[in-house]
Amino acid sequence: MSRVGLKPISVPSEATVEIHPGRLDVKGPKGKLSCPIPEGIEFDFSDGVLTAKRGRDSHAALHGLTRSLAQNAITGVTAGFTKKLEIVGIGYRAQVTGRVVIFSLGYSHTIEFLMPEGIDIKVENQTKITVTGSDRQLVGQTAANIRALRPPEPYKNKGIRYEGEVLRKKEGKAGVTASA
């Protein structure tokens, strides 16, 4: 039995929800999102509360997933989602020019990263990156794509990391002791 799927979703007054066959449309101040509804799952919207129901127990796995996707869509169009990244390393920096983020990450060339539609990227102090948007999956994937440009290396931990990410630093080569 899905415990997540049984939780009701409270819909804020600034968001509107439309239930269509096969999808759920959510509109709010931060944009519009659509959430797929698989067969066997139904939504009921009344008095500002959205509830997910399933027809049979064979749809239990999709029950919680569908409810979570609907919750993320409602949260995204009202409050939005944010991921923060840090650039660590001497000479490593980033800057925003229009819809392009230009990274200097120790390679022989700069890397131009085009912002996806619906995503906003801000750079503070050339080393703090903030990725914001209404679609949780797109925000997370964009942050992962930026991190993949220069993931933290294990010896000096230089590279791009998530804010607050704990990294384990490896020991370098042990010095060779000369025996006399």
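The following paragraphs examine the structure supplied in this document. Quantities reported herein were computed from a predicted structural model and do not represent experimental measurements.

Re the nonpolar core
One broad rule of soluble globular proteins: the nonpolar side chains tend to lie buried together.
Move 1: Core analysis: the biggest nonpolar cluster contains 19 residues, and Ile 87, Phe 103, Ile 121, Ile 129, Val 131 and Ile 146 have the highest contact counts within it.
Move 2: Secondary structure elements with two or more residues in this core: strand E7 (81–88), strand E9 (100–104), strand E10 (111–114), strand E11 (119–124), strand E12 (128–133) and helix H3 (136–149).
Move 3: Setting aside residues no more than four positions away along its own chain, Ile 121 makes contact with Val 96, Val 101, Phe 113, Met 115, Ile 129, Thr 130, Val 131, Thr 142 and Ile 146.
Move 4: With 17 residues, the next largest nonpolar core counts Ala 15, Cys 35, Leu 50 and Val 77 among its residues.

Some words on the sheet that holds strand E8 (residues 93–97)
Move 1: Here 3 strands make up an open sheet; going across it, the order is E8-E9-E10 and the pairing antiparallel. Both edges of this open sheet fall to E8 and E10, since each of them pairs with a single strand only. Pairs of neighbouring strands in the sheet enclose a mean axial angle of 25 degrees, with direction left out of account.
Move 2: On top of the sheet, H3 reaches E9 and E10; it is set at about 175 degrees to E10, its chief contact.

Procedures and definitions
Residues numbered from 1 in each chain as written. Predicted model: local features only at pLDDT ≥ 70, side-chain atom pairs only at ≥ 80, totals over all residues. Heavy atoms only, no water. Core = buried A, V, L, I, M, F, W, Y, C linked by side-chain atoms within 4.5 Å. Buried < 20%, exposed > 50% of the residue type's maximum accessible area, 1.4 Å probe, protein only. Helix = DSSP H or I, 4+ residues; strand = E, 2+ residues; numbered from the N terminus. Contact = heavy atoms within 4.5 Å. Pairing = 2+ DSSP bridges. Axes fitted to C-alpha atoms, helices over the stretch in contact; angles between N-to-C directions.

Function-wise, these values are silent; they only describe arrangement.
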